[in-house]
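Here is how the chains run, residue by residue.
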Amino acid sequence: MNSVLTALRVFEAVAASQPVGVSELARGLDIPKSTVQRCLRTLQQAGWVRADPADSSWSITGRAFTIGSAVASTDHLREAALPELAALQAEVGETIHLAVPDGDELVLVERLDSPHQLRAFLALGTRLPLHAAATGKAYLATLPDREITSYLATGPVKVTERTQTDPAALRAEIELIRKRGYATTEQGLHEGISAVAVALRDRSGTARACFSISGPSSRVTPDLFEAYAAKAHGTRDAIERMLR
């Protein structure tokens, strides 16, 4: 039992300080490094934490969100969001993705599929880079400038040939998202897929989640972005009223 409790303490410490190294964890928890390392390996095998090969730092994975979906139900996120998202999906006929923040990424926690045979598809639990996904950019735009600067300093990488990675261009896009209230991507996350996304905020103004209307770029074309955004805004407002 003590080993389980120790592993849980290590997991909570990683979640609170990620990314974090073994030495820092050992000092903060007053636990031998060998014990911390053993707990991390066990948590890694179970899929709860992951190591960054570049600097050996540790972060939690999206498993806490995907397996812990009951938590989202408890705080009424799914209860508030799903009926409205389902109505939006029926109206636009494209796939709706709902994602929640997890460190410097979003994790996909819900998907409402388009009835079209050719459609956007992301597996639940997929981790979404903030600079490439429409939902990620919608979330970035809600963050304080200092956090955006910190994220851009990490060196965003290309996911597709059309992924924007230039910090200056991304910052300009973030300002545009803030002004118009929605984010888009045109094949920046997956070839042939475009999306429009907005953020969901709680009563404090913090972004709790983001959702997108996603589909083949042949159907979700730039001339539809503004109309889809208007529909998404209506859905967002209805969900946020429920969350408050």
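Check the entry above for the structure.
Everything quoted here is computed from the prediction, not taken from an experiment.

In this structure, Leu106, Leu128, Tyr139 and Leu140 are the most contacted members of the largest nonpolar core, which totals 27 residues. Looking at this core, the elements that each hand over two or more residues are β4 (105-112), α7 (134-140), α8 (145-152), α9 (167-180), β7 (193-201) and β8 (207-216). A total of 4 residues in this core trace back to one element, the largest contributor, which is α7. Contact partners of Leu106, with chain neighbours within four places excluded, come to Ala99, Val100, Pro101, Thr126, Arg127, Leu128, Leu130, Thr135, Gly136, Tyr139 and Cys210.

Here we take up the packing of helix α6 (residues 77-92) against helix α10 (residues 222-243). Where α6 meets α10, the axes come as close as 9 Å, and the angle between the chain directions of the two elements is 160°. Here α6 lies roughly antiparallel to α10, going by the angle between them. In the crossing of α6 with α10, the sense of the turn from one axis to the other is right-handed. On the side of α6, the interface is formed by Leu77, Ala80, Ala81, Glu84, Leu85, Leu88, Glu91 and Val92, while α10 contributes Tyr228, Lys231, Ala232, Thr235, Ala238, Ile239, Met242 and Leu243. Looking at side-chain class alone, the contact of α6 with α10 contains 12 nonpolar, 1 polar and 3 charged residues.

Each value, and the rule that gives it
- Residues numbered from 1 in each chain as written.
- Predicted model: local features only at pLDDT ≥ 70, side-chain atom pairs only at ≥ 80, totals over all residues.
- Heavy atoms only, no water.
- Core = buried A, V, L, I, M, F, W, Y, C linked by side-chain atoms within 4.5 Å.
- Buried < 20%, exposed > 50% of the residue type's maximum accessible area, 1.4 Å probe, protein only.
- Helix = DSSP H or I, 4+ residues; strand = E, 2+ residues; numbered from the N terminus.
- Contact = heavy atoms within 4.5 Å.
- Axes fitted to C-alpha atoms, helices over the stretch in contact; angles between N-to-C directions.
- Parallel < 35°, antiparallel > 145°, perpendicular 65-115°, else oblique.
- Left-handed = near helix turned anticlockwise from the far one by under 90°.
- Nonpolar A, V, L, I, M, F, W, Y, C, P; charged D, E, K, R; others polar.

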